[in-house]
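If you want the building blocks of each chain, they are given just below.
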Amino acid sequence: LGSLEAMREAGRALELVRGVAPQREPEPRLLDAVESLLAELDADAHSPGAYARMGLRTLAIVGLAPRLSSCVSCGRSPEVGQASLFDPGRGGIVCRACGGGPIRLSGRARAWMMEGMLEGQGEVAPMEDDGSAPAAIGRADLSDVESALDAFVKRHVRS
């Protein structure tokens, strides 16, 4: 890893894996996730979203992924592309009728997070309506994703 920023991202990832990895039970998919992150950071030390992608994949692998497809309280699903309110303590998105959450996720950010979790479950991320690969998200959305992920990990992962 060629920069302090890349080493910081790798360190965050290893702390997450340490917090979720089953004791004395090998989980090859976690090793694959870490290897993928290290390769990505080695190729581009400033790879936006590398830690967030790896973190979402890791949470999905161990069955701790946040619920993003429907409200954790009532089960109502937001429209495709609709912004949602995320409550890390409750473990996912919460509709306004059920009280909402402190972190706003745009429809693009929520879809990006769901794609990362699908990768952790060994599934292929869905294509856009025109058959193209999903687009990357912007800086503001990525910041919201990282805030949601960090808050969720802080609440649900042992340190």
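Right above here is the structure, for reference.
Residues numbered from 1 in each chain as written. Predicted model: local features only at pLDDT ≥ 70, side-chain atom pairs only at ≥ 80, totals over all residues. Heavy atoms only, no water.

Caption draft 1: Spatial organisation of the overall build of the protein chain. Helix and strand counts for the protein chain stand at five helices and three strands. Here the protein chain, with 159 residues, has 41% of them falling under the buried criterion. Relative to all contacts within the protein chain whose residues are 6 or more apart in sequence, the contacts with residues 24 or more apart total 62%. (Helix = DSSP H or I, 4+ residues; strand = E, 2+ residues; numbered from the N terminus. Buried < 20%, exposed > 50% of the residue type's maximum accessible area, 1.4 Å probe, protein only. Contact = heavy atoms within 4.5 Å.)

Caption draft 2: Just the sheet that holds strand E1 (residues 84-87), in detail. Strand order across the open sheet formed by three strands is E2-E1-E3, with antiparallel pairing between neighbours. Looking along the sheet, the strands with just one partner apiece sit at the ends: strand E2 (92-93) and strand E3 (103-105). Bridge count between E1 and E2: two bridges; the pairing is antiparallel. Looking across to E2, one finds that Phe-86 is bridged to Ile-93. The sheet strands contacting helix H5 (residues 139-156) are E1 and E3, and the helix crosses E3 at an angle near 130°. (Pairing = 2+ DSSP bridges. Axes fitted to C-alpha atoms, helices over the stretch in contact; angles between N-to-C directions.)

Caption draft 3: Here's a closer look at the pattern of salt bridges. Tallied over the entire structure, the rule returns six salt bridges. For Glu-15, the salt bridge goes to Arg-18, with nearest N and O atoms at 2.9 Å. Of this pair, Glu-15 and Arg-18 both sit in helix H1 (residues 4-20), three residues apart, roughly one helical turn. Classification of Glu-15 by relative accessible area gives partly exposed; the value is 46%. Residue classification places Arg-18 among the partly exposed residues on the basis of a relative accessible area of 43%. For the salt bridge of Arg-53 with Glu-40, the shortest nitrogen-to-oxygen distance reads 2.2 Å. Here the residue Arg-53 occupies a position in helix H3 (residues 50-61), and Glu-40 occupies one in helix H2 (residues 28-43), the gap between them amounting to 13 residues. A single salt-bridge network, built from bridges that share partners, covers Arg-8, Glu-9, Arg-12 and Asp-150. (Salt bridge = Lys/Arg side-chain N within 4 Å of Asp/Glu carboxyl O.)

Caption draft 4: Fine view of unusual backbone geometry. Despite not being glycine, Arg-24 shows a phi value in the positive range, around 55°. For Arg-24, the location among the structural elements is in the loop between H1 and H2. With a relative accessible area of 80%, Arg-24 lands in the exposed category.

Caption draft 5: Examining the packing of aromatic side chains more closely. Taken as a whole and judged by the stated rule, the model has one aromatic pair. Taken together, a centroid distance of 6.4 Å and an interplanar angle of 55° make the contact between Phe-86 and Phe-152 tilted. Of this pair, Phe-86 sits in strand E1 while Phe-152 is found in helix H5, placing the two residues 66 residues apart along the sequence. Residue classification places Phe-86 among the buried residues on the basis of a relative accessible area of 0%. A cation over an aromatic ring shows up here: Arg-12 above the ring of Tyr-51, its NZ or CZ 3.8 Å from the ring centre. (Phe/Tyr/Trp six-rings, centres within 6.5 Å; stacked < 30°, edge-to-face > 60°. Lys NZ or Arg CZ within 6 Å of the ring centre and 35° of its normal.)

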